[in-house]
Amino acid sequence: MALGLLWLGLTLLGVLEIQAQDSTPDLIAAPHLRKVPLQPNFQEDQFQGKWYVVGLAGNAIRKEDQGQLTMYATTYELKEDHSYNVTSTLLRNGSCTHWIRTFVRSTRPGQFELGSIKRYPGVQNYRVRVMATDYNQYAMVFFKKTFKKKNYFKITLYGRTKELSLELKENFTRLAKSLGLSDDHIVFSVPIDQCIDN
């Protein structure tokens, strides 16, 4: 059971990205945080709640390796210390799986670090940055981690609903490409009803 939970945790932290490194030994360099936009005047209370993962882009994500990405949901619950309990819910092997972690606020509103990082073997650093959001419809969130001395990054396109406009998806694609990614590094999820609507 513990091994299964560890596997799920690593998956959500990007184990698919790590596995892809064998076929892509030369990862696109992760951008310095100075080059990654940060949502101005971030409103932590408005950001909390459920988000559906509509799209993913990353330096170790390969469209051909991903197949169809099944949509999953991530819920941000604001705590008194201004950190978030973050719960991802996904359908895995026919059952609903939940994975909970903590994002601790850094010195800049809208930027976080993974709490209890020692629980994740091999992860030396993990940063989260809200790049853009209107709080009611969409959010674009940047994740950067150092795992076994390699730098991985991804951008997640969140939606309050399972479908977002073509314009938002195109903006997401442009943003991913501005950070050095190509169409092959960008995938959009297939909406489902199981698990993520609870």
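Please read these numbers as outputs of a predicted model, since none were measured by experiment. (Residues numbered from 1 in each chain as written. Predicted model: local features only at pLDDT ≥ 70, side-chain atom pairs only at ≥ 80, totals over all residues. Heavy atoms only, no water.)

## Regarding the nonpolar core
Core analysis: the largest hydrophobic core is formed by 30 residues, its most contacted members being F47, Y76, F103, V141, F143 and Y158. Elements represented by at least two residues in this core include exactly β1 (49-58), β4 (84-92), β5 (95-105), β6 (111-114), β7 (123-133), β8 (138-147) and β9 (150-159). (Core = buried A, V, L, I, M, F, W, Y, C linked by side-chain atoms within 4.5 Å. Buried < 20%, exposed > 50% of the residue type's maximum accessible area, 1.4 Å probe, protein only. Helix = DSSP H or I, 4+ residues; strand = E, 2+ residues; numbered from the N terminus.)

## Some remarks on the state of the cysteines
Evaluation of the coordinates by the stated rule reveals 1 disulfide. Disulfide pairing is shown between C96 and C195; the S-S distance is 2.0 Å. Between C96 and C195, the disulfide has an S-S torsion of -90° and is therefore left-handed. One end of the pair, C96, is in strand β5; the other, C195, is in the segment after β10 (186-190), and 99 residues separate them in sequence. Residue class for C96 comes out partly exposed when judged on its relative accessible area of 39%. (Disulfide = S-S within 2.5 Å.)

## Topic: empty space enclosed by the protein
It is the rolling of a water-molecule-sized probe over the atoms that shows where space remains empty. Enumeration over the complete set of coordinates arrives at 2 cavities of 30 Å³ or more. Considered as a void within the structure, the largest cavity measures approximately 90 Å³ in volume. Within the residue set of the lining of the largest cavity, elements represented by two or more residues are β1 and β9. At 3 residues, β9 tops the list of elements feeding residues into the lining of the largest cavity. Here the lining of the largest cavity is built from residues that sort into 7 nonpolar, 3 polar and 2 charged. (1 Å grid on protein atoms, 1.4 Å probe; cavity = no way out; pocket = protein on both sides within 12 Å on 5 of 7 lines; lining within 4 Å. Points joined across faces, edges and corners; volume = space filled by probe spheres on them. Nonpolar A, V, L, I, M, F, W, Y, C, P; charged D, E, K, R; others polar.)

## Topic: unusual backbone geometry
One non-glycine residue, N93, lies in the positive phi region at around 55°. By secondary structure assignment, the location of N93 is in the loop between β4 and β5.

## With respect to the pattern of salt bridges
Within this structure, the stated rule accounts for 6 salt bridges. A salt bridge links E113 to R127; the shortest N-O distance between them is 3.3 Å. Residue E113 is located in strand β6, and its partner R127 is located in strand β7; the two are separated by 14 residues in the primary sequence. What makes E113 partly exposed here is its relative accessible area of 34%. You can call R127 partly exposed: its relative accessible area is 28%. The partner of K177 in a salt bridge is D183, and the shortest N-O contact between them spans 3.0 Å. Note on D183: relative accessible area 42%, which makes it partly exposed. Salt bridges sharing partners connect three or more residues here, namely K162, D193 and D197. (Salt bridge = Lys/Arg side-chain N within 4 Å of Asp/Glu carboxyl O.)

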